[in-house]
Amino acid sequence: MKLERLLITCGGTGGHFYPGLAIAKAMQKRGGKVKLLLTGKHAAGQKATAGEQGIEAIVLPDFPHPFQSPFRFLKNALKGFDLCRREIKNFAPQALISMGAFTSVPAFLAAKWTKTPVYLHDGNAHIGKANRIYSRWARFLGVAFPPVNKDRIKCPVHIVGMPIREQLIEAAGKLTKEESIAKLNELYGSELSPEKPTVLIFGGSQGAAELNGSLPESLLQLNDSGLQVLHLTGKNKLESTQAAYKSAKFKYLLTETSERMDYFLSAADIVFCRSGGSSLAELALFGKAAVLIPYPFASENHQRANAGCFADVDAGIVLDTQELSPHRSKEILQDFLENPSVWQQRANNAKLLAKPYAADEMLDKIEEDLA
């Protein structure tokens, strides 16, 4: 059966929204009709982002985690359930994909009420609580990595990969380091060289503070003019991080965030970052060796499990946050400069984990199941 009409419930963090948007774009390219059901404090902005991509989205009532405020959760979940039930009646989807999190409760319940088949996706190696609960009634769970807690899942599991933005898929393997450095110099007025080993640092919206503090210090201890640094500091952290680089002998480019991660990833030779599911999928796509520092406050420590997937194939090194000292970072940087062939092999190993067609794989599996 051809999948022609699809609902996707996602929202909350970008880790749920952007993979859902990637699946929606893949569905649109196939000629199908698709809508997003969004919840969470970022839902309005996410709706605008989806609209720019030509994807229709509906914002549902926001509600807290059920353990934080049970009454408000129940009240707004019921409102959301009614909206979702009406949307399913009007749109008549053949399936609903839930990208995880408790924010998808209204859409999930409405789908079960209307007997609409439900499929799940999880972007982490440790499957989250919501998806573990939903798996009792789902047709299957698509995952980005082999799950470390597969025994807790009550439906079939398919490793499909993490859906990634089309812009990144198109750039990977085509955009050279030379082209990327030239683009960054043009955009930021920097004077980076494509000949120098390039270090990329980013921590994401929540986990940048420790990286911003430790890594500039280790780089300055090394202070090797033979390398260069790209550092995404996170919002409202640019000024304080700039001060840390004042005495650097090496070239560096600092910015808070960027919509052109294709340039930054293509330009990098080694990456220091957190280990969210999307970040790891992008590192694999671009074939980048990494030093992974799992965000310690991620729910159920799922970033540690994600990082383990990279470490298991020697695509990178894992450091817990407390291990991220300037001395240890300096040791790793020295090893990177002195043993480039070892780190190139790690980059090659990372590339083996890439699943650039994850969104289509998820849709193909749904079509097979509906047949």
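Residues numbered from 1 in each chain as written. Predicted model: local features only at pLDDT ≥ 70, side-chain atom pairs only at ≥ 80, totals over all residues. Heavy atoms only, no water.

Draft legend 1. View of the overall build of the chain. Secondary structure summary: the chain contains 15 helices and 13 strands in total. Taken against the 2.2 N^0.38 rule, which gives 21 Å for 371 residues, the C-alpha radius of gyration of the chain at 21 Å falls within 12% of a compact globule. Nonlocal contacts in the chain, meaning residues at least 24 apart in sequence, comprise 63% of its contacts between residues at least 6 apart. For the chain, the computed accessible surface area is about 16400 Å², with 50% contributed by carbon and sulfur atoms. Across the chain, the mean location of the 44 positive side-chain charges is 8 Å away from that of the 38 negative side-chain charges. (Helix = DSSP H or I, 4+ residues; strand = E, 2+ residues; numbered from the N terminus. Rg over C-alpha atoms; globule rule 2.2 N^0.38 Å. Contact = heavy atoms within 4.5 Å. Areas by Shrake-Rupley, 256 points an atom, 1.4 Å probe, with all protein chains shown as cover. Lys, Arg positive; Asp, Glu negative; His and termini not counted. Charge placed at Lys NZ, Arg CZ, Asp CG, Glu CD.)

Draft legend 2. Fine view of the sheet that holds strand S11 (residues 270-273). The sheet built from six strands is open, its strands ordered S10-S9-S8-S11-S12-S13 with parallel pairing. One side of each edge strand has no neighbouring strand; the edge strands of this open sheet are strand S10 (251-255) and strand S13 (316-318). Between one strand axis and the next, the sheet turns through 15 degrees on average, direction left out of account. Here four bridges tie strand S8 (residues 198-202) to S11, and the two strands are oriented parallel to one another. Across the sheet, isoleucine 201 pairs through a bridge with phenylalanine 272, a residue of S11. Relative to the sheet, helix H12 (residues 302-312) contacts strand S12 (290-292) and S13, its axis offset from that of S13 by approximately 145 degrees. Contacting S11, S12 and S13, helix H14 (residues 340-351) runs over the sheet at an angle of about 90 degrees to S13. (Pairing = 2+ DSSP bridges. Axes fitted to C-alpha atoms, helices over the stretch in contact; angles between N-to-C directions.)

Draft legend 3. Up close: the pairing of strand S1 (residues 5-11). For S1, the tally of buried residues reaches six of seven residues, placing the bulk of the element in the interior. Taken together, the seven bridges between S1 and strand S2 (residues 33-39) define a ladder with parallel strand orientation. From the neighbouring strand, threonine 9 faces S2, where its bridge partner is leucine 37. Once you follow S1 into helix H1 (residues 14-29) and on to S2, the crossover reads as right-handed. Direction of pairing for S1 relative to strand S4 (residues 95-98): parallel, over a ladder of four bridges. Bridge pairing links isoleucine 8 to isoleucine 97 in S4. (Buried < 20%, exposed > 50% of the residue type's maximum accessible area, 1.4 Å probe, protein only. Right-handed = clockwise from strand over helix to strand, strands pointing away.)

Draft legend 4. Here's a closer look at the pairing of strand S5 (residues 118-122). Burial within S5 is extensive, with five of its five residues counted as buried. Of the two faces of S5, the one lined by Val118, Leu120 and Asp122 and the one lined by Tyr119 and His121 are each fully buried. Taken together, the three bridges between S4 and S5 define a ladder with parallel strand orientation. Of the residues in S5, the one forming a bridge with isoleucine 97 is tyrosine 119. For the crossover that starts at S4, traverses helix H4 (residues 105-113) and ends in the parallel S5, the hand is right-handed. Two elements, S5 and strand S6 (residues 141-143), share three bridges in a ladder whose sense is parallel. Bridge pairing in S6 links aspartate 122 to valine 143. What joins S5 to S6 is helix H5 (residues 129-134), and the crossover it makes is right-handed.

Draft legend 5. Inspection of the packing of H1 against helix H15 (residues 358-370) at higher detail. Their axes nearest at 9 Å, the elements H1 and H15 cross at an angle of 70 degrees. Here H15 runs roughly perpendicular to H1, going by the angle between their axes. For the pair H1 and H15, the sense of crossing is right-handed. Every residue of H15 that contacts H1 at Ala22, Ile23, Ala26 and Met27 is listed here: Ala359, Asp360, Met362 and Leu363. Considered class by class, the residues forming the contact of H1 with H15 number seven nonpolar, no polar and one charged. (Parallel < 35°, antiparallel > 145°, perpendicular 65-115°, else oblique. Left-handed = near helix turned anticlockwise from the far one by under 90°. Nonpolar A, V, L, I, M, F, W, Y, C, P; charged D, E, K, R; others polar.)

Draft legend 6. The arrangement of the side chain of serine 258 in detail. Mapped onto the elements of the fold, serine 258 is located in the loop between S10 and helix H10 (261-267). A polar side-chain atom of serine 258 sits 2.9 Å from the main-chain amide nitrogen of arginine 260. Beyond its immediate chain neighbours, meaning those up to four positions away, serine 258 contacts Tyr188, Leu232 and Phe264. (Polar contact = N/O pair within 3.5 Å; in protein donor to acceptor, adjacent residues only side chain to side chain.)

Draft legend 7. Quick peek at the environment of leucine 3. By secondary structure assignment, the location of leucine 3 is in the segment before S1. When the C-alpha positions of leucine 3 and glycine 40 are compared, they lie 28 Å apart, and in sequence the two are 37 residues distant. Excluding anything up to four places from it in sequence, leucine 3 contacts Met27, Gln94, Ala95, Leu363, Ile366, Glu367 and Leu370.

Draft legend 8. A look at unusual backbone geometry. In this structure, asparagine 223 takes a positive phi of about 40 degrees despite not being glycine. Note that asparagine 223 resides in the loop between helix H8 (209-222) and strand S9 (228-232). You will see that asparagine 236, though not glycine, has its phi angle at about 65 degrees, which is positive. Tracing the backbone shows asparagine 236 in the loop between S9 and helix H9 (238-244). Given a relative accessible area of 77%, asparagine 236 falls into the exposed group.

Draft legend 9. Fine view of the packing of aromatic side chains. Under the criterion given, the structure shown has 11 aromatic pairs. Seen from their ring centres, phenylalanine 250 and tyrosine 252 are 6.3 Å apart, and the 70 degrees between their planes marks the pair as edge-to-face. Among the aromatic residues, ring-to-ring pairing joins Phe108, Tyr134 and Trp137 into one connected group. Over the face of the ring belonging to tyrosine 18 we find arginine 165, whose NZ or CZ atom lies 6.0 Å from the ring centre. Sitting above the plane of the tyrosine 263 ring, arginine 260 keeps its charged end 4.2 Å from the centroid. (Phe/Tyr/Trp six-rings, centres within 6.5 Å; stacked < 30°, edge-to-face > 60°. Lys NZ or Arg CZ within 6 Å of the ring centre and 35° of its normal.)

Note that all results are geometric; they support no functional claim without further evidence.
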